[in-house]
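# Observations on the three-dimensional arrangement
What follows is each chain in one-letter form.
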Amino acid sequence: MQLRFVGCGDAFGSGGRNNTCFHVSGERINFLIDCGASSLPALKRQNVARDEVKLILITHFHGDHFGGLPFLLLDAQFTRRARPLVIAGPEGIETRLKQAMEVMFENSSKTKQRFDLNIITLAPGTTIQFGAVSVTPFPVVHGESGGPFLGYRIETEGRVIAYTADTEWTEALVPLGRDADLFIAEAYTYDRSVKNHLSLKALEARLADIKPKRLILTHMSDDMLERLDGLPYEAASDGLVVDI
């Protein structure tokens, strides 16, 4: 099983990075985690076959995690996608997706897709199965607008992927990431406290409780990107592919 960091940047494209979008593929699985505004060109540039993607998991409704969906869906329509697609995310996802479609392309939300599109609402603490992919959402803390906000613990093909999404420190990150084969954690800043975001130092203080088998940092501001060479942790970069 592989995870590709199609995009790992913050909302402002720090370091010239694409917005958040991770592609996970294996023997029986093919899905995206988040679909930020720049995801479609990034997927095309990295030769990810969009038609093979069966599931998209959305963590919240900020543009750098959600804003690529209208473009992806229109591209699927125009390229005559036939495979069914499931989009799953926090409460309100069906309404938010329609609103985003209308803002980007008027009347596009009223167009009947050539393929089956299923929109699923995820509830914190309730595990849901999508074929071979088991997803447990955890509530995280990222402000008031653009939510609800979820982090995900994903079990599939005998491995666990955990993703904090965007959040300040919350105790929910301990069970979310505990003993995960791959723990993808926001590290927006090094040690500076920024409301609704996670610093590396805040994460470091509790890593011994989380005990991930592998940690990769993501969603980094310029503050963090300037420090990467001196850190003892792996950091994501656009196009990075890791085996899990």
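The structure under discussion appears in the preceding block.
Presented here is a report on the structure given in the accompanying data block. (Residues numbered from 1 in each chain as written. Predicted model: local features only at pLDDT ≥ 70, side-chain atom pairs only at ≥ 80, totals over all residues. Heavy atoms only, no water.)

## Describing the overall build of the protein
When helices and strands are tallied, the protein shows 8 helices and 14 strands. Computed over the C-alpha atoms, the radius of gyration of the protein is 17 Å, within 12% of the 18 Å expected from 2.2 N^0.38 for a compact globule of 244 residues. Summarising its shape, the C-alpha atoms of the protein cover approximately 50 × 35 × 35 Å along the three principal directions. A buried classification covers 55% of the 244 residues belonging to the protein. Considering only intrachain contacts with a sequence separation of at least 6, the fraction spanning at least 24 residues in the protein is 64%. For the protein, the exposed surface amounts to about 10500 Å²; the carbon and sulfur share of it is 47%. Taken as two groups, the 26 positive and 31 negative side-chain charges of the protein have centres that lie 5 Å from each other. (Helix = DSSP H or I, 4+ residues; strand = E, 2+ residues; numbered from the N terminus. Rg over C-alpha atoms; globule rule 2.2 N^0.38 Å. Buried < 20%, exposed > 50% of the residue type's maximum accessible area, 1.4 Å probe, protein only. Contact = heavy atoms within 4.5 Å. Areas by Shrake-Rupley, 256 points an atom, 1.4 Å probe, with all protein chains shown as cover. Lys, Arg positive; Asp, Glu negative; His and termini not counted. Charge placed at Lys NZ, Arg CZ, Asp CG, Glu CD.)

## Details of the environment of Thr126
By secondary structure assignment, the location of Thr126 is in the loop between strand 6 (117–121) and strand 7 (128–130). Residue Thr126 is classed as partly exposed on the basis of its relative accessible area, which comes to 45%. Not counting the four nearest positions on each side in its chain, Thr126 is found in contact with Val135 and Pro137.

## Things to note about the side chain of Asp223
Of note, Asp223 is situated in helix 8 (residues 222–225). In this structure the side chain of Asp223 is engaged in a polar contact, spanning 2.8 Å, whose partner is the backbone nitrogen of Tyr190. Sequence-distant contacts of Asp223, that is, excluding residues within four places in its chain, are made with Thr189 and Tyr190. (Polar contact = N/O pair within 3.5 Å; in protein donor to acceptor, adjacent residues only side chain to side chain.)

## Here's the deal with the packing of aromatic side chains
Aromatic rings considered in pairs are described by the distance between their centres and by the relative angle of their planes. The full count for this structure, using the stated rule, is 4 aromatic pairs. A ring pair is formed by Phe5 and Phe22, whose centres lie 5.0 Å apart and whose planes are at 70°; its orientation type is edge-to-face. Here Phe22 lies in strand 2 (residues 21–25) and Phe5 lies in strand 1 (residues 2–7), a separation of 17 residues in the sequence. Relative accessible area serves as the criterion here: at 0%, Phe5 is assigned to the buried category. (Phe/Tyr/Trp six-rings, centres within 6.5 Å; stacked < 30°, edge-to-face > 60°.)

## Regarding unusual backbone geometry
Each neighbour pair has its own omega, and for Gly147 with Pro148 the value is 5°, a cis peptide bond. Note on placement: Pro148 falls in the loop between strand 8 (133–139) and strand 9 (150–156). Located in the positive-phi region is Arg80, a residue other than glycine, with phi close to 60°. Structurally, Arg80 can be placed in the loop between helix 3 (69–78) and strand 5 (85–89). The class of Arg80 is exposed, set by a relative accessible area of 58%. Of note, Asn107 is a non-glycine position whose phi angle comes to about 75°, a positive value. With respect to the secondary-structure elements, Asn107 resides in the loop between helix 4 (93–104) and strand 6.

## Considering the pairing of strand 8
Across the 7 residues that make up strand 8, a large majority, 6, are buried. Linkage of strand 7 to strand 8, two consecutive antiparallel strands, is achieved through a turn of 2 residues, within which Gly131 is found at a positive phi near 60°. As judged from the 7 bridges shared by strand 8 and strand 9, these two strands associate in the antiparallel manner. By the bridge assignment, Val133 is partnered in strand 9 with Thr156. (Pairing = 2+ DSSP bridges.)

## Some words on the nonpolar core
Formed by 30 residues in total, the largest nonpolar core has its most connected members in Leu3, Phe5, Phe31, Leu57, Phe130 and Ile154. The leading source of residues in this core is strand 9, at 3 residues. With residues up to four places along the chain from it excluded, the contact list for Phe5 reads Cys21, Phe22, Gln46, Ile184, Ile216, Ala236, Ser237, Asp238, Gly239, Leu240 and Val242. Membership of the second largest hydrophobic core comes to 26 residues, among which are Val160, Ala162, Leu217 and Leu228. (Core = buried A, V, L, I, M, F, W, Y, C linked by side-chain atoms within 4.5 Å.)

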